[in-house]
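Working through the structure, step by step
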Amino acid sequence: MTRASDPVRPQLLGAAYSVYVRIARLALMEKGVDYDLAEIDIFGKHADDAAYLKLHPFGRIPTFRHGDFTLYETAAITRYVDEAFAGPSLQPADVRLRARMMQMIGVMDSYLYRPLVWGLYVASDEAAKSGKPADAAALSVAMAKSRTALGALADLTGDGPWLLGRQLTLADLHLQPMLAYGCRTVEGRALLQERPRMREWWERMQTLPSVAATRFGAELT
Ligand SMILES: N[C@@H](CCC(=O)N[C@@H](CS)C(=O)NCC(=O)O)C(=O)O
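Here's a quick rundown of the structure. Keep in mind the model is a prediction, meaning the values are calculated, not measured. (Residues numbered from 1 in each chain as written. Predicted model: local features only at pLDDT ≥ 70, side-chain atom pairs only at ≥ 80, totals over all residues. Heavy atoms only, no water.)

Some points on the sheet that holds strand β3 (residues 63-66)
In space, the four strands of this open sheet follow the order β2-β1-β3-β4, with mixed pairing throughout. Two strands close off the open sheet at either side, each with one partner strand: β2 (36-39) and β4 (69-72). Strand-to-strand twist in this sheet, taken as the mean axis angle between neighbours without regard to direction, amounts to 20 degrees. Direction of pairing for strand β1 (residues 11-14) relative to β2: parallel, over a ladder of four bridges. (Pairing = 2+ DSSP bridges. Helix = DSSP H or I, 4+ residues; strand = E, 2+ residues; numbered from the N terminus. Axes fitted to C-alpha atoms, helices over the stretch in contact; angles between N-to-C directions.)

Below is the structure:
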């Protein structure tokens, strides 16, 4: 097993604007692991980049490299980072809490990311750039789906201060970058206001140096 004393510096391939790249960066920073961010702009100059597609057949970001070990899928990357390096543990020792953490990450990936980041943020941003109003019906569907996912996450949340209780975990680091984009929209901010405990959690997350260091663009803090 590779440990923090390992001299090989990990490399993260991706772009600072990406939700999933930021999740991996938060995990690396919370562990105190030095790494290099190698720019892959999947929506720009690296779209359909044959060399990158050899590393990540789905053409998404990030991809992680540690020596001769290459990994994609962010939940796998953050678990590896937590388990391969020294530093504070980012997963509960308790087997049920750890299962709960993975459940919450699954909910975020499967049911929150698309409606919140694409359905609300990207749709609103594209409408603003084109000067045309956003599709109100599509926004309303995205808002309803985001509300359901945030409600499910709130139902799974412990007593705080973090999502799973007293320990900052990979679940906190997974949610923050998604909400950061959601909160750039009126609808996303309204969703957070509906949940005072999640709003408090959000404010607590802003105090983490890793969150401050990875802010991208005009982000609500
Ligand atoms: N399941 C992937 C999702 C990664 C993902 O969707 N990344 C976005 C950027 S935040 C991306 O690469 N999008 C490119 C595209 O949709 O073509 C993971 O967990 O890493």
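Next comes the rest of the write-up.
Some words on the site of the ligand
Around the ligand, the neighbouring residues are S18, V19, Y20, I42, F43, R60, I61, P62, E73, T74 and Y113. At 3.0 Å from a nitrogen atom of the ligand is found a side-chain nitrogen or oxygen belonging to E73. Contacts to the ligand include T74, whose side-chain N or O atom sits 2.7 Å from an oxygen atom. With the chains in place, 84% of the 510 Å² that the ligand exposes on its own is no longer accessible. With respect to the detected pockets, the ligand is housed in the largest pocket. (Near = heavy atom within 4 Å. Polar contact = N/O pair within 3.5 Å; in protein donor to acceptor, adjacent residues only side chain to side chain. Areas by Shrake-Rupley, 256 points an atom, 1.4 Å probe, with all protein chains shown as cover. 1 Å grid on protein atoms, 1.4 Å probe; cavity = no way out; pocket = protein on both sides within 12 Å on 5 of 7 lines; lining within 4 Å. Sits in = over half its atoms within 2 Å of the grid points.)

As for the packing of aromatic side chains
Within this structure, the stated rule accounts for nine aromatic pairs. Centroid distance Y80 to F85: 6.3 Å. Interplanar angle 90 degrees. Geometry classified as edge-to-face. Ring centres of Y121 and Y181 lie 4.8 Å apart, and the angle between their planes is 50 degrees; on these two criteria the pair is classed as tilted. Remark: Y181 occurs in helix α6 (residues 170-182) and Y121 occurs in helix α4 (residues 95-130); sequence separation between them is 60 residues. (Phe/Tyr/Trp six-rings, centres within 6.5 Å; stacked < 30°, edge-to-face > 60°.)

Remarks on the layout of surface pockets
In this structure, the largest pocket spans a volume of roughly 780 Å³. For the lining of the largest pocket, the secondary-structure elements that each account for two or more residues are α1 (19-31), α3 (74-84) and α4. It is α4 that provides the largest number of residues to the lining of the largest pocket, a total of 10 residues. Split into classes, the residues belonging to the lining of the largest pocket amount to 14 nonpolar, three polar and eight charged. Counting residues domain by domain, the lining of the largest pocket receives three or more from each of domain 1 (11-84) and domain 2 (95-208). Within this model, the second largest pocket holds a volume of roughly 200 Å³. If one sorts the elements of the lining of the second largest pocket by residue count, helix α8 (residues 196-205) sits on top with six residues. (Points joined across faces, edges and corners; volume = space filled by probe spheres on them. Nonpolar A, V, L, I, M, F, W, Y, C, P; charged D, E, K, R; others polar. Domains from an automatic or database assignment.)

Details of the nonpolar core
Core analysis: the biggest nonpolar cluster contains 65 residues, and F64, L153, L175, M178 and W201 have the highest contact counts within it. Elements that contribute at least two residues to this core include exactly β1, α1, α3, α4, α5 (136-156), α6, α7 (186-193) and α8. A per-element tally of this core places α4 first, with 12 residues. When residues are assigned to domains, this core turns out to be shared by domain 1 (11-84) and domain 2 (95-208), each giving three or more. If we ignore the near neighbours within four places in the chain, the residues touching M178 are V19, Y20, I23, M108, D109, L112, Y113, L116 and V117. (Core = buried A, V, L, I, M, F, W, Y, C linked by side-chain atoms within 4.5 Å. Buried < 20%, exposed > 50% of the residue type's maximum accessible area, 1.4 Å probe, protein only. Contact = heavy atoms within 4.5 Å.)

A few points about α8
Among all positions of α8, only M198, R199, W201, W202 and M205 are buried. For α8, the buried positions fall inside an angular range of 160 degrees around the axis, keeping them on one side. More than 90 degrees from the buried face of α8, the exposed residues found are P196 and R197. In the core, the buried residues of α8 are packed alongside α5, α6, α7 and α9 (209-213). (Arc of directions from axis to C-beta.)

Section: the packing of α1 against α6
One can describe the packing of α1 onto α6 by two numbers: an axis separation of 9 Å at closest approach and a directional angle of 140 degrees. As the angle between them shows, α1 and α6 are arranged oblique. Crossing angle aside, the handedness with which α1 passes α6 is right-handed. Residues V19, Y20, R22, I23, L26, A27 and E30 of α1 form the contact with α6, whose own contacting residues are L170, L173, H174, Q176, P177, M178, A180 and Y181. (Parallel < 35°, antiparallel > 145°, perpendicular 65-115°, else oblique. Left-handed = near helix turned anticlockwise from the far one by under 90°.)

Treat this as a map of the structure, not an account of what it does.
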